[in-house]
Every structure is written in structure tokens, then in C-alpha cells.
Amino acid sequence: MFRWLLLTIVSLSFAACATAPEPPPAGRAPVILVSIDGFRPDYLDREATPNLSRLARHGVQGVMRPSFPSKTFPNHYTLVTGLRPDRHGIVDNTFEDPEIPGETFRMSNRKAVGDRKWWDQGAPIWVTAEQAGVVTAPVYWPGSEAEIRGVRPTHWRAFQMSRPNAARVDDLLALLDLPLGRRPQFLTLYFDTVDTAGHRFGPDAPETIAAVAEVDTQVGRLAAGLKARGIVANLVVVADHGMAPLAPDRRIFMDEVLPRSAWRTLAAGAFMAIYPAEGRTAEVEAALLQPHPHMACWRKAEIPERFRYGRNPRVAPIFCLPETGWSLTTRDYRPSWPEGGNHGFDPESPEMAAVFVAGGPAFRPGTILPAFDNVSVYPLLAHLLGVTPEPNDGDIGDVATALTR
Ligand code: AMP
Ligand code: ZN
Ligand code: ZN
């Protein structure tokens, strides 16, 4: 409190003097959380990332295990809540809730992504920070369009996939040019292009590495923009999950395992959430719960403990997971583009690992972290922002060696 008062007095005295430059932001360095969707740690070894590699060399480098399921919305919400998807309630990119009958959460549905009822099981870092008086700008972060627990971030924008990456960087820099009272202390930046290329062409394709190189250029643009402004930020670069190559001969047609009339699902791909039709549960269980080549299915209560998944009412009654790199699909499923890669698989698979790179005054240069679970990013963010974390599944001890204090 005393420190705040002192800074206020200093700021006021600066304001009173017309010729004095604007004072540096009060207190802590801004925290910039950058998500590069689907960026595997080994993408740093493809000689396409001078900027990220420099940040890693002078800062901190690590490998994160995503939470299950290794999809975008569940993991982005985990990164900012420290909760496993089973606890924060965003259990998939697409899901239903028996307490919200007749509606389906879909990440492509603007109304759903902006509706707090889907998000309120968790409290993202920006809600806690805003409540502590910290100005936040979680731009394009899943959840940022909703008034979660009655709190909206000061700055947010409707997600626009067509917005070029360079413009996204410039949007962030413009927020840092705002006057002190409106200038955010916590900001996010999101890039989807590496994930999109990974899906279409696979993780090893030249097109994917070209997308990696382009995003790296944007990280350079960000660093240059910060430097030009004299801003020293704590930069945390993460991914939500990795990417595994697919192959046409690694597909399981679920409608050949059991008749279509006996079940339904919401999405095909790296796993399948199965809803037995009325009165058909015994038949579905008999077909699915037996051993299958390249696939395991469980009742939700029997999903192996290490996935920490299945207690939330939003998880479907039966869950099927193939070996990494296999697809669960149906004979009539026609994807809209070639399927080169996917994620959603077992988070322990090396292909699902997500990148972690950080740098700035809070970080110990040259640290290489042992692999850790992505739930620990949340207590790290709380530490960097100086706010008290909500109860969570993470452990700041996972990243403690990377911190200067
Ligand atoms: P996934 O295949 O699970 O990695 O999902 C990636 C896709 O999520 C991106 O290509 C975007 O279309 C979508 N996405 C990412 N962030 C948002 C957001 N804030 N709002 C809506 N859709 C998003
Ligand atoms: Zn993703
Ligand atoms: Zn994806």
C-alpha cells in the first residue's frame, strides 16, 4: 500500500510538471503471454526460429505436457486457471452439459464462447488480476470474450482468425502505448497459423516450418516494438499442445465397430466422446469396452487416473482414445482439407509436447527446465503479476529454478 502511495505521489508530481517525460509504468514489468497454437518444442530445432531461439538461449526453455484432452480450448483455459479441464469445465473444444439442455458449446460459436455459464467453473488469471486492480488485456485468449464470474478484462476483442499475425502484434503494442491508468500489465498474443499448417500438412512438412518461421518473425517484431518503447517485459511463450502426423491407413471407422443408430458423438478425430442412444447403453458398452487394436474405450468413471478426466458432468458417458497418430472417424466423414496432423491424443506422447520459452527480468538466463505439466504456468503468471493465485492443480516449484527470486 505504502509503495503504491509513493508511486502515485511520484506519478502525480510528474504529471504536474509539463516538460517531464511520462513516468515508467508503476511497479512490475508487464507480463506478455504468447500462445503459438500447436507449436512443438522440437520446432525450435528446425533452423527457422532465430528470435525464439535467442529468447530461449538468453532466458528459459522447457517442454510442457498438455492436459487431457490435448485440444485448444481445454488447454488454453488450463494455462490461465491452473486447473485440469475436468475441474475448469472446458472439457473439449465441443461439449454438452446435462444442466444446460439443448445447447452445445462450440469454439466456433460466438455466442457460446462469450457466455460465462460455460466458463464459470474456473477463474482465469485476468479475473483475479482485475479484482486486485491490475489492468489486463487477454486478447484472443479463449474465455476472454465472457464476463467470467461477473468480471470482464479491461481490454478484449472478438476473435478474428483472418487478422494477420503482424497486426496482432501491433494491436498489443498499441495497448502498451495507452496512458498509465488504461495500460495493461497483463497481455496475451495468440497465433493460430502453426496449428493450421500442422493439421493440413503434418508437423514435418515444409509448409508447417514456413508457418513456424513466420510466427518467429512476429516474435521478432514484438521484441523490436518493446525495445523501441524502452519496455522491459516478462515474456512467456507457450503452446497448448503439439501435433502428431496422421496416415490414411491409421483410421478406425467407429460405425464399423457399432451401428450408427446406437450412439452419437460431437466430433471425430484424435478421440471420440460417445453418447449411447436411449436404451442402447448395454449394446454400446459391449462393443466398445472390450479390447480393440489401436484403441481403448472407457466408461467415464473408469478413465485411467493419469488423464485426470471423467468426473465433470460435461464428459460423455464413454470415451475412446486411439494410439497417437490414429484417427477415430466414420465412413461418411469427409474432412474439408487433407489431414496431415492432429492432436488431442495422450498428453504423455512426445508428439503432444508443447513449447515453453520465457525471458525478462524475472527469469534466470540460460535455464533449461525439466518437463512439467502445463497447469504450473498459472502459478507462474500469478507470481509474475504479484497476485494471489486461486487454488489450482499447478506447482510453482516446477518452474522455480527459472526464476530470479
Ligand atoms: P485446435 O484444432 O484444437 O488446435 O483449435 C485451433 C483453432 O481454435 C484455431 O484454428 C481457431 O480457429 C480456434 N480458436 C483459437 N482461439 C479462439 C478463440 N479465442 N475464439 C474462437 N476460436 C478460437
Ligand atoms: Zn490448439
Ligand atoms: Zn489444432
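Residues numbered from 1 in each chain as written. Chains lettered and ligands numbered in written order. Predicted model: local features only at pLDDT ≥ 70, side-chain atom pairs only at ≥ 80, totals over all residues. Heavy atoms only, no water.

Draft legend 1. Broad picture of the coordination of the zinc ion (ligand 3). Taken together, Asp 195 (OD), Asp 195 (OD), His 199 (NE2) and His 343 (NE2) make up the protein donors of the zinc ion (ligand 3), found 2.0 to 2.4 Å from the metal. Each of the six donor atoms around the zinc ion (ligand 3) contributes to a set of angles spanning 57 to 159°, which defines the coordination as irregular. Each donor residue of the zinc ion (ligand 3) lies on the same chain, and together they follow the pattern D-x3-H-x143-H. Distance-wise, the zinc ion (ligand 2) is placed 4.1 Å from the zinc ion (ligand 3). Of this pair, Asp 195 sits in helix 8 (residues 193–201) while His 343 sits in the loop between strand 15 (341–342) and strand 16 (354–359), and the two are 148 residues apart along the sequence. For the residue pair Asp 195 and His 343, the accessibility class agrees, reading buried in each case. (Donors = N, O, S within 2.8 Å, 3.2 Å for Na, K, Ca; no water. Tetrahedral: all angles 85-135°; square planar, octahedral: opposite > 155°, others 65-115°. Helix = DSSP H or I, 4+ residues; strand = E, 2+ residues; numbered from the N terminus. Buried < 20%, exposed > 50% of the residue type's maximum accessible area, 1.4 Å probe, protein only.)

Draft legend 2. Here's a closer look at the site of ligand 1. Neighbouring ligand 1 are 15 residues; Thr 72, Asn 93, Tyr 140, Met 161 and His 343 lie closest to it. Between ligand 1 and the protein, one listed contact pairs an oxygen atom with a side-chain N or O atom of His 241 at 3.2 Å. For the shell around ligand 1, the secondary structure elements donating two or more residues are helix 3 (72–81) and helix 8. Within the shell around ligand 1, the residues separate by chemical class into seven nonpolar, five polar and three charged. (Near = heavy atom within 4 Å. Polar contact = N/O pair within 3.5 Å; in protein donor to acceptor, adjacent residues only side chain to side chain. Nonpolar A, V, L, I, M, F, W, Y, C, P; charged D, E, K, R; others polar.)

Draft legend 3. Layout of the coordination of the zinc ion (ligand 2). For the zinc ion (ligand 2), the protein coordination sphere consists of Asp 37 (OD), Asp 37 (OD), Thr 72 (OG1), Asp 240 (OD) and His 241 (NE2), at 2.0 to 2.7 Å. Taken together, the six donor atoms coordinating the zinc ion (ligand 2) span angles of 53 to 160° at the metal, a pattern that classifies the geometry as irregular. Here the donor residues of the zinc ion (ligand 2) are spaced in sequence according to D-x34-T-x167-D-H. On the basis of relative accessibility, which here comes to 7%, the residue Thr 72 falls in the buried class.

Draft legend 4. View of the domain arrangement of the protein. Domain boundaries assigned for the protein yield domain 1 (2–244 + 346–402) and domain 2 (251–339). Spacing between the C-alpha centres of domain 1 and domain 2 amounts to 31 Å. As a salt-bridge pair, Asp 346 and Arg 306 come within 2.5 Å of each other at their nearest N and O atoms. Applying the counting rule to domain 1 against domain 2 returns twelve residue pairs in polar contact (both at pLDDT 80 or more). Sorting the residues of the side of domain 1 that touches domain 2 by element identifies helix 4 (85–88), strand 3 (94–96) and helix 8 as the ones contributing at least two each. Per element, the largest residue contribution to the side of domain 1 that touches domain 2 is three residues, and it comes from strand 3. When its residues are assigned to classes, the side of domain 1 that touches domain 2 shows eleven nonpolar, five polar and twelve charged. (Domains from an automatic or database assignment. Salt bridge = Lys/Arg side-chain N within 4 Å of Asp/Glu carboxyl O.)

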